[in-house]
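Coordinates in review
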Amino acid sequence: EGTRALVTVIAGIDSLGKARQQRAHEIGALKVIVGSLTRAGSASNAEKLKAARYRALRNLTRNNEALIEAAKEMGARPEWL
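Here's what I pulled together on the structure shown here. (Residues numbered from 1 in each chain as written. Predicted model: local features only at pLDDT ≥ 70, side-chain atom pairs only at ≥ 80, totals over all residues. Heavy atoms only, no water.)

On to the packing of aromatic side chains. Applying the stated rule across the entire model yields one aromatic pair. Considering the side-chain rings of Tyr-54 and Trp-80, the 5.8 Å spacing of their centres and the 50° angle between planes classify their relative orientation as tilted. Taken together, the positions of Tyr-54 in helix 4 (residues 46-61) and Trp-80 in the segment after helix 5 (65-73) put the pair 26 residues apart, joining distant regions of the chain. The exposure class assigned to Trp-80 is buried, which follows from its relative accessible area of 7%. (Phe/Tyr/Trp six-rings, centres within 6.5 Å; stacked < 30°, edge-to-face > 60°. Helix = DSSP H or I, 4+ residues; strand = E, 2+ residues; numbered from the N terminus. Buried < 20%, exposed > 50% of the residue type's maximum accessible area, 1.4 Å probe, protein only.)

Structure representation (C-alpha cells):
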C-alpha cells in the first residue's frame, strides 16, 4: 500500500513534479524502492508488488537525470527506469 501511495504522490508532470520527486528522494524513497527491487521476493503476489515498485521508481526518476543516476548507483537496472 505504501508503494501505491508513493506512485500517486509523485505522479504527474506538472510544475511541482520535480519538487515532489526531490522531496520523496530526500526522505529515502529511492533507496527503499531500489532496495526492494534488488531483493528477491517469495510472496505469491510478488510480481504484482514488483509492478507497483517499478511504477514508483519510474515516477520518481521521470525526466530527472540526477535521480536516474542515483538510482543506478543504488543498483537499479537501466530497464527499470
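And the narrative resumes.
With that settled, the discussion passes to unusual backbone geometry. Leaving glycine out, the prevailing phi sign among residues is negative, and the prevailing peptide bond configuration is trans. Of note, the phi angle at Asn-63 is positive, near 55°, even though the residue is not glycine. Turning to its location among the elements, Asn-63 is positioned in the loop between helix 4 and helix 5.

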